[in-house]
Amino acid sequence: MRPLMRPANYFLAGLLAATALPGVCADVPPTPAAAKPGTPNVVETFEVGDNVYVRALAVEPKAGALWVGTSKGVHEIDVNSGKLRRTFTRDSGLANEYVFAIGIDRDGYKWFGTNAGGASRYKDGKWKTYFPMHGLADYWIYSFASQKNGDLWIGTWAGANMVDMKSLKFRTYVKELINEWVYDLGVDAKDRVWFGTEGGVSMYDGKTWRSWTHKDGLGAENPNKLLASPNTGLGTRSRHDLGLRSADGAPTYNPNYVFSILVAADQSVWAGTWGGGVSRYDGKRWSNLTTKDGLAGDIVYSIAQDASGAIWFGTNGGLTRYDGKGFASVDARTGLLDNNVYALAVAPNGDVWAGTKRGVAHIGQFGQSKAK
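In this report, we go over the structure that sits alongside the text. Predicted model only: the values in this text are computed from it and were never measured. (Residues numbered from 1 in each chain as written. Predicted model: local features only at pLDDT ≥ 70, side-chain atom pairs only at ≥ 80, totals over all residues. Heavy atoms only, no water.)

Considering the overall build of the protein chain
This is how it is decided: Helix and strand labels come from DSSP, where a helix needs a run of H or I of at least four residues and a strand needs a run of E of at least two; each type is numbered from the N terminus. Buried means the residue's accessible area, taken with a 1.4 Å probe over protein chains only, is under 20% of the maximum for its type, while exposed means over 50%, and partly exposed covers the values in between. Contacts between residues were defined by any pair of non-hydrogen atoms, one from each residue, lying within 4.5 Å. Accessible areas in this description were obtained via Shrake-Rupley with a 1.4 Å probe; residue shielding takes into account the shown protein chains only.
Counting its regular elements, the protein chain contains 1 helix and 29 strands. Counting over 372 residues, the protein chain shows a buried share of 58%. Contacts in the protein chain between residues at least 24 apart in sequence constitute 48% of all its contacts with a sequence separation of at least 6. Total accessible area computed for the protein chain in this model is approximately 15700 Å², and 47% of it derives from carbon and sulfur atoms.

Rendered as structure tokens:
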């Protein structure tokens, strides 16, 4: 098997002509090793530059679009053809090129959470950027999620906002959370909001709040005696850069630090931790899965669920698919551009997209290639 690499579908090849973003390249990566039957398979990859990170992905089914948030701007891709539609930078109206989060609200507005630039909202060529002066909790934005009535939640480094979409008024929650640094959000079937923070998981049911930490079972134990992360709890944003290694290059551990949240179809809640693997809450207790069980890495940046019910985990060691019985993983040796998978998105047809440093990988399931 070899990855599909047709120039017409290589969407970032068009960036060389369409944009002046520095560092963007369109080099075809080497053919990865063949995937084993029953494993995920990288069928194509798209590069955005050696020092460019893909931090956010979102699929917009009605528009047939894949939105790619990078450290150099946002790309809108035709999800079926793989062709670049548009690129957005500061010159286009984006508040800041470093995009950490993408949300799509019920009215089709795209929300882009940026690094120190607030939240930019876009639709039909029109932009509006929100700052703390408008009610936003902070300039650093990391996640979005919508409730049934359309109200939008925004996770920031200084608490969470609830935005009334009729009035566009912002309400901020800080003290109610287990920790103010909110990295991911999820909404369950009961319309409860789940918050993945630097200090654990919080949940709000519209009236009351509840929280969980490692003491409650969140995050696996630390049998290898890894050091606690040196860049958390310092209270300084200059050091709060999500670096994942200590000064000497050794792995670190912080099971309360939650990068990602997913409310699954069965309403279980999954939380990706820093060094403690992934945790699952069944409504009563937390259980944990780590590399010892088959996870590619114990730092879990991103989580998504496909139509079959399988859960995908983007980790520091590659991408893992878990069907409730077994694990199957891919990494840089088998086609990913980098082992750190920061973002995941699932298209209506079941295709999985994974964002890493250097670009995006298009994943096919069970070793089936789309190459002709």
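Brief notes about the nonpolar core
Selection criterion: Each nonpolar core is a collection of buried residues, namely Ala, Val, Leu, Ile, Met, Phe, Trp, Tyr and Cys, held together in the definition by side-chain atoms within 4.5 Å.
Residues V54, L57, L66, V68, W353 and V360 are the most contacted members of the largest nonpolar core, which totals 16 residues. Contributions of two or more residues to this core are made by β2 (54-60), β3 (65-70) and β27 (341-346). Considering every element that reaches this core, the biggest residue donor is β2, with 3 residues. When residues no more than four places from it in sequence are discounted, the contact partners of V360 are E44, T45, F46, V54, L57, V68, L337, W353 and A354.

Re unusual backbone geometry
Phi is positive for L168, close to 55°, though the residue is something other than glycine. Among the structural elements, L168 can be located in the loop between β12 (159-164) and β13 (169-173). Residues other than glycine seldom take positive phi values, yet Q267 does so here, at roughly 75°.

Some details on the packing of aromatic side chains
For clarity, the threshold we go by: The rule is short: rings of Phe, Tyr and Trp, with Trp giving its six-membered ring, pair when the centres are within 6.5 Å, and they are stacked under 30 degrees, edge-to-face over 60, tilted in between. Any Lys NZ or Arg CZ that is within 6 Å of a ring centre and within 35 degrees of that ring's normal is treated as a charge sitting over the ring.
According to the stated counting rule, one finds 41 aromatic pairs in the structure shown. With a centroid separation of 5.5 Å and an interplanar angle of 70°, the aromatic rings of F88 and W127 are classed as edge-to-face. Separated by 39 residues along the polypeptide, F88 in strand β5 (residues 84-88) and W127 in strand β9 (residues 126-130) bring together distant segments of the chain. By relative accessible area, which is 5% here, F88 ends up buried. Judged by relative accessible area, W127 falls into the partly exposed class, the value being 22%. With a centroid separation of 5.3 Å and an interplanar angle of 80°, the aromatic rings of Y142 and Y183 are classed as edge-to-face. A residue pair is termed long-range when its members are at least 10 positions apart, and Y142 in strand β10 (residues 141-146) and Y183 in strand β14 (residues 182-187) qualify at 41 residues. In terms of burial, Y142 and Y183 fall into one category: buried. The positively charged end of K123 is found above the aromatic ring belonging to Y109, 5.0 Å away from the centroid.

Things to note about the environment of N340
Quick reminder of the rule: Distance and chemistry together define a polar contact, namely a pair of N or O atoms within 3.5 Å, with one atom able to donate a hydrogen and the other to accept it when in protein, and with adjacent residues in sequence counting only for side-chain atoms on both sides.
Mapped onto the fold, N340 is located in the loop between β26 (327-330) and β27. Separated by 40 residues in sequence, N340 and V300 have C-alpha atoms that sit 9.1 Å apart. Once residues lying within four places of it in the same chain are set aside, the contact partners of N340 are Y301, T315, N316, G355, T356 and K357. There is a polar contact of 3.0 Å between the side chain of N340 and the side chain of Y301.

Quick word on the pairing of β27
The following threshold applies: Two strands form a pair only when DSSP identifies at least two bridges running between them.
Most of β27 sits inside the fold, with 5 of its 6 residues counted as buried. Of the pairings in the sheet, the one linking β27 to strand β28 (residues 352-356) comprises 5 bridges and is antiparallel in character. Following the sheet pairing, L344 is matched in β28 by A354. What sits between β27 and β28 in their antiparallel hairpin is a turn of 5 residues, with G350 showing a positive phi close to 95°.

Observations regarding the sheet that holds strand β21 (residues 278-281)
Sheet architecture is open: 5 strands sit in the order β18-β19-β20-β21-β22, paired in mixed fashion. Either end of the sheet is taken by a strand with one partner, and the two such strands are β18 (227-228) and β22 (286-289).

Re the sheet that holds strand β6 (residues 99-104)
Applied cut-off: In this analysis an axis means a line fitted to C-alpha atoms, helices contributing only their contacting stretch, and an angle means the value between N-to-C directions, from 0 to 180 degrees.
The antiparallel open sheet is built from 4 strands, whose spatial order is β6-β7-β8-β9. Where the open sheet ends on each side, the last strands, each with one partner, are β6 and β9. For this sheet, the mean inter-axis angle between neighbouring strands, taken without regard to orientation, is 20°. Pairing of strand β8 (residues 119-123) with β9, which is carried by 5 bridges, proceeds in the antiparallel orientation. Looking at the pairing, K123 lines up with K126 of β9.

A few points about the pairing of β22
On a regular strand, each side chain points to the face opposite its neighbour's, so the side chains alternate between the two faces of the sheet. Here β21 pairs with β22 via 4 bridges, running antiparallel. Each residue of the ladder has a partner; that of Y281, found in β22, is W286. Between β21 and the antiparallel strand that follows it, β22, lie 4 residues; G283 among them carries a positive phi value of about 100°.

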